[in-house]
Amino acid sequence: MSKNEYTLKYILLGDSKVGKTSLLSIFTNNKMPDRELPTIGVDFGIKQLDLNGKLVKNQVWDSAGRDQFRESAASYCKGVVGIILVYDITNLESFQNLQKWLDIVKNESSIVCKILVGNKNDLEKDRKVTFEQGKKFAKKNGMKFLETSAKENTNVNEIFLTMMKEIIVMKEIIEPKPKLNFLGLNYVIFAGICLILAITFVIYFNFHK
Ligand code: G3D
Ligand code: MG
């Protein structure tokens, strides 16, 4: 993998029916899923995006939101750098359950970015969770926040662009910088070898004068 390539693994979490599979399908295929059966376990999609000349492979895992899958969701969070936590703005319970999802992933050290997504904001007349409530919960938990509509394709790419930007900045900070080298040699060792050779030449020519 070149230094301009990154593979970033994310997981979509949240209650059943909030729109996780729809968001994934819009992001990777630009359309709503044709026929949505309840997601069993997890599924994933990949989309490559260019960010300032860096090729970013976004690998997005879709977890099932039903209670019995909460534990298996935790095992799929290994190596995940970003969490996309989704609720439905027309479903108060899906908002009240957010903390339970955060508790599942609280010990995952690989996570560097979390985003809260209030989906279905095309259904304004049925809204049960205000924009401010979502924003406040996100702020309290150190998360970014967006409202989206998978149905109308509003803000869906924004979720991933926001995450990518933040994660790449973080990765550039936390990944060790490659050591300076010349022909595979560390510069300090290379300079040492040059010095020894130079001294040897000086001694040799003085000796044979
Ligand atoms: P899940 O993967 O979180 O379980 P799904 O959720 O993606 O399966 O979506 C659940 C239902 O919500 C689907 O409807 C889907 O079409 C609908 N949905 C998803 N996103 C939106 C959105 O942004 N706006 C609206 N209005 N509906 C949305 P069905 O009828 O198939 O259950
Ligand atoms: Mg699903």
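J.: Which parts of the structure should I look at to understand the overall build of the chain?
T.: Along the backbone of the chain there are seven helices and eight strands. Going through the 209 residues of the chain one by one, you find that 41% of them count as buried. Here the contacts in the chain between residues at least 6 apart in sequence split such that 72% fall between residues at least 24 apart. Accessible surface computed for the chain: about 12,500 Å², of which carbon and sulfur atoms make up 58%.

J.: Explain the pattern of salt bridges to me, please; I cannot follow it from the model alone.
T.: Opposite charge on two side chains permits pairing when their charged atoms draw close. Applying the stated criterion across every chain, the model contains five salt bridges. The salt bridge partner of Asp 88 is Lys 120, with a shortest N-O separation of 3.3 Å. One end of the pair, Asp 88, is in strand β4 (residues 82–88); the other, Lys 120, is in the loop between β5 (113–119) and α5 (131–140), and 32 residues separate them in sequence. Take Asp 88: its relative accessible area is 5%, and that puts it in the buried class.

J.: Help me understand the site of ligand 1, please; the structure alone is not making it clear to me.
T.: Lining the immediate surroundings of ligand 1 are 17 residues, of which Lys 17, Lys 20, Ser 22, Asp 122 and Ala 150 lie closest. Between Gly 19 and ligand 1, the recorded distance is 3.0 Å, taken from a backbone N or O atom to an oxygen atom. Contact with the protein chains removes 75% of the 650 Å² of surface that ligand 1 exposes when unbound. Here the shell around ligand 1 takes three residues from helix α1 (residues 20–29), the largest share from any one element. Its residues placed into classes, the shell around ligand 1 shows four nonpolar, six polar and seven charged.

J.: Please explain the side chain of Ser 94 as it appears in this structure.
T.: Turning to its location among the elements, Ser 94 is positioned in helix α3 (residues 92–96). With near-sequence residues (within four places) excluded, Ser 94 lies in contact with Asp 15, Val 18, Tyr 87 and Asp 88.

J.: Just checking my understanding: could you explain the nonpolar core for this structure?
T.: Grouped burial of nonpolar side chains is what soluble globular proteins tend to show. Counting residues in each nonpolar core, the largest one holds 28 residues, and the members touching the most others are Leu 8, Tyr 10, Ile 84 and Ile 159. Of all the secondary structure elements, the ones that give two or more residues to this core are β1 (5–13), α1, β2 (42–51), β3 (54–63), β4, β5 and α6 (156–174). If you tally residues by element for this core, the top one is α6, at seven residues. Of all hydrophobic cores here, the second largest spans 21 residues; its members include Val 80, Tyr 87, Phe 95 and Phe 137.

J.: Explanation requested: the pairing of β3 in the structure shown.
T.: Within a regular strand, side chains alternate between the sheet's two faces. The buried fraction of β3 is high, at eight of ten residues. The pairing of β1 with β3 spans eight bridges and is classified as parallel. In the sheet register, Leu 12 faces β3, and the bridge partner there is Asp 62.

J.: Sorry if this is basic, but what is going on with a nonpolar patch on the surface here?
T.: Together, Ile 189, Ile 193, Leu 197, Phe 201, Tyr 204 and Phe 205 line one region of the surface with nonpolar side chains, adding up to about 640 Å² of accessible area. Mapped onto the fold, Leu 197 is located in helix α7 (residues 187–207).

J.: I keep staring at α1 and nothing clicks. Help me out?
T.: A turn of α-helix holds 3.6 residues, and therefore any two residues three or four places apart point the same way. Among the ten residues that make up α1, eight are buried, leaving the element largely enclosed by the rest of the structure. Just beyond α1, the residue with positive phi is Asn 30, at close to 60 degrees.

J.: For this particular structure, what's the right way to read the side chain of Ser 25?
T.: By secondary structure assignment, the location of Ser 25 is in helix α1. Given the relative accessible area of 9%, Ser 25 is considered buried. Among residues more than four places away in sequence, those in contact with Ser 25 are Asn 30, Lys 31, Met 32 and Pro 33.

About the thresholds
- Residues numbered from 1 in each chain as written.
- Chains lettered and ligands numbered in written order.
- Predicted model: local features only at pLDDT ≥ 70, side-chain atom pairs only at ≥ 80, totals over all residues.
- Heavy atoms only, no water.
- Helix = DSSP H or I, 4+ residues; strand = E, 2+ residues; numbered from the N terminus.
- Buried < 20%, exposed > 50% of the residue type's maximum accessible area, 1.4 Å probe, protein only.
- Contact = heavy atoms within 4.5 Å.
- Areas by Shrake-Rupley, 256 points an atom, 1.4 Å probe, with all protein chains shown as cover.
- Salt bridge = Lys/Arg side-chain N within 4 Å of Asp/Glu carboxyl O.
- Near = heavy atom within 4 Å.
- Polar contact = N/O pair within 3.5 Å; in protein donor to acceptor, adjacent residues only side chain to side chain.
- Nonpolar A, V, L, I, M, F, W, Y, C, P; charged D, E, K, R; others polar.
- Core = buried A, V, L, I, M, F, W, Y, C linked by side-chain atoms within 4.5 Å.
- Pairing = 2+ DSSP bridges.
- Patch = residues over 30% accessible without salt bridge, like charges linked within 9 Å, V, L, I, M, F, W, Y side chains within 5 Å.

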